[in-house]
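# Overview (structure and organization)
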Amino acid sequence: MMIMILQCSNNGVVESARIRAMLVFGDSLVDDGNNNYLSSIARANYFPYGIDFMNIGHTGRFSNGKTVVDMLGDLLGVPYPPAFADPTTRGIKLLGGVNYASAAAGILDETGQHYGQRYSLSQQVLNFETTLDQLRTMMSGRNLSEFLANSLAVLVFGSNDYINNYLMPSLYPSSYNYSPPDFANLLLNRYARQLVALYSLGLRKFLLAGIGPLGCIPNQRASGQAPPDRCVDYVNQILGTFNEGLRSLVDQLNRNPGAIFVYGNTYAVVGDILNNPANFGFSVVDRACCGIGRNQGQITCLPYEIPCSNRNQYVFWDAFHPTQAVNAILAQRAFYGSTRDCYPINVQQMTLFS
């Protein structure tokens, strides 16, 4: 499908009136509490997580404050979608969207299994079908089609397939069975299958986040595979095939009638921050605000641990996740960014298509 690039005003909320809700699929970068209800050790339902979250505190978000989808919700003027696993997420609450994301989840079903229960990508799609069954009892087929077509589906996947699968040869055989390019293509083929399924269920607007520079997160820096002041270059290099392939997949998927798939270049945005931290107000790029061991990245935030006080100056909150300050930049660049940040159009431009 050919998409015209439109010039928009900077008033995100006014221009975004056509987006009815967000439907969020992904991992701990966007989980807002699903794993609280699962038998998992990948949880963030304790202090100091949420220390800066709207005077509410910990909710299950893996951040000191808001996630990138919370920030996107602010720009779109839509409510933060409730966690699918929360028993109160039913009835009229579904009309504000639903968050299906689950910490430790991957594109592959086996990814992250050493953490316990989680909703993998395929399970999240099944969970979305459960929501659809409920929505069908609440509105006509035409109204439901319109609701789905004017909702934004945000998908954030892939990181765990590397850090909690491919890069763990003692627990997972994938790095013995696949070269880095072959593994990336395996992920892309599985991902594409589920994206087509979501499109066939009625979703039309998709933001697909690429994988950030995982070799620079405190967890990888703490592995000792690189000099103290360097990222693990090998890890960053093997992500190229996946990110480039996801961008190409967007072009293919946009051939579907009415589809608007957008690739969010997370790698480039976080790379800009790490390469020029002072330009963005950051002074600490190589260690976490909260955590234990080398780079505060060997063990993630422990319950009631006192985090750093200057959180807005840290790129990383814990061993794996960015701070709220970084999430704000990621959301802004997805919403307003150039084609380098968001391809082929940005989220604000996407909202102009009904």
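Provided above is the structure to which this section pertains.
Worth saying up front: this structure is predicted, and the values here are computed from it rather than measured. (Residues numbered from 1 in each chain as written. Predicted model: local features only at pLDDT ≥ 70, side-chain atom pairs only at ≥ 80, totals over all residues. Heavy atoms only, no water.)

Under the criterion given, the structure shown has 10 salt bridges. When the shortest N-O distance is used, the salt bridge between Arg20 and Glu146 registers 3.9 Å. One end of the pair, Arg20, is in the loop between helix H1 (12-15) and strand S1 (21-26); the other, Glu146, is in helix H4 (residues 141-149), and 126 residues separate them in sequence. Take Arg20: its relative accessible area is 39%, and that puts it in the partly exposed class. Here Arg230 and Asp233 are joined by a salt bridge, their closest N and O atoms 2.7 Å apart. (Salt bridge = Lys/Arg side-chain N within 4 Å of Asp/Glu carboxyl O. Helix = DSSP H or I, 4+ residues; strand = E, 2+ residues; numbered from the N terminus. Buried < 20%, exposed > 50% of the residue type's maximum accessible area, 1.4 Å probe, protein only.)

What follows covers the packing of aromatic side chains. Within this structure, the stated rule accounts for 16 aromatic pairs. Aromatic pair Tyr46 and Tyr49: ring centres 5.4 Å apart, planes at 85 degrees, arrangement edge-to-face. Residue classification places Tyr46 among the buried positions, given a relative accessible area of 18%. Aromatic side chains Phe157 and Tyr191 sit 6.0 Å apart centroid to centroid with 75 degrees between the ring planes, which places their arrangement in the edge-to-face category. (Phe/Tyr/Trp six-rings, centres within 6.5 Å; stacked < 30°, edge-to-face > 60°.)

A few words now on H4. Among the residues of H4, those classed as buried are Leu144, Phe147 and Leu148. Down the axis, H4 shows its buried residues gathered within 95 degrees of arc, on one side only. Buried-residue contacts for H4 involve S1, helix H3 (121-136) and strand S3 (151-156). (Arc of directions from axis to C-beta. Contact = heavy atoms within 4.5 Å.)

Let us now look at the pairing of strand S4 (residues 205-209). Within S4, 5 of the 5 residues are buried, which leaves it mostly tucked inside the rest of the structure. By the alternation rule, side chains of S4 split into Lys205, Leu207 and Ala209 and Phe206 and Leu208, which are all buried. The pairing of S4 with strand S5 (residues 260-264) spans 5 bridges and is parallel. Bridging across to S5, Phe206 finds its partner in Phe261. (Pairing = 2+ DSSP bridges.)

Our next topic: the state of the cysteines. One pass over the full model with this rule turns up 3 disulfides. Each sulfur in the disulfide pair Cys216 and Cys231 lies 2.1 Å from the other. Note on the Cys216 and Cys231 pair: the S-S dihedral is about 110 degrees, so by sign convention the disulfide is right-handed. With Cys216 in the loop between S4 and helix H8 (218-221) and Cys231 in the loop between H8 and helix H9 (233-238), this residue pair connects regions lying 15 residues apart in the sequence. The two residues Cys216 and Cys231 agree in class, both being buried. Disulfide pairing places Cys290 opposite Cys301 at an S-S distance of 2.2 Å. In this pair, Cys290 is assigned in the loop between strand S6 (284-288) and strand S7 (314-316) and Cys301 in the loop between S6 and S7, connecting sequence segments 11 residues apart. Each member of the pair Cys290 and Cys301 is classed as buried. Sequence-ordered numbering of the bonded cysteines in the protein gives a pairing of 1-2, 3-6, 4-5. (Disulfide = S-S within 2.5 Å.)

This part covers the side chain of Asp31. Within the element layout of this structure, Asp31 appears in the loop between S1 and helix H2 (68-76). For the buried residue Asp31, which engages in no salt bridge, the nearest side chain bearing the opposite charge is Arg61, 8.2 Å off. Here Asn34 takes part through its backbone nitrogen, which lies 2.8 Å from a polar atom of the side chain of Asp31. In contact with Asp31, not counting residues within four places along its chain, are Gly60, Arg61, Phe62, Thr67, Asn99, Ala101, Ser102 and Ala103. (Lys, Arg positive; Asp, Glu negative; His and termini not counted. Polar contact = N/O pair within 3.5 Å; in protein donor to acceptor, adjacent residues only side chain to side chain.)

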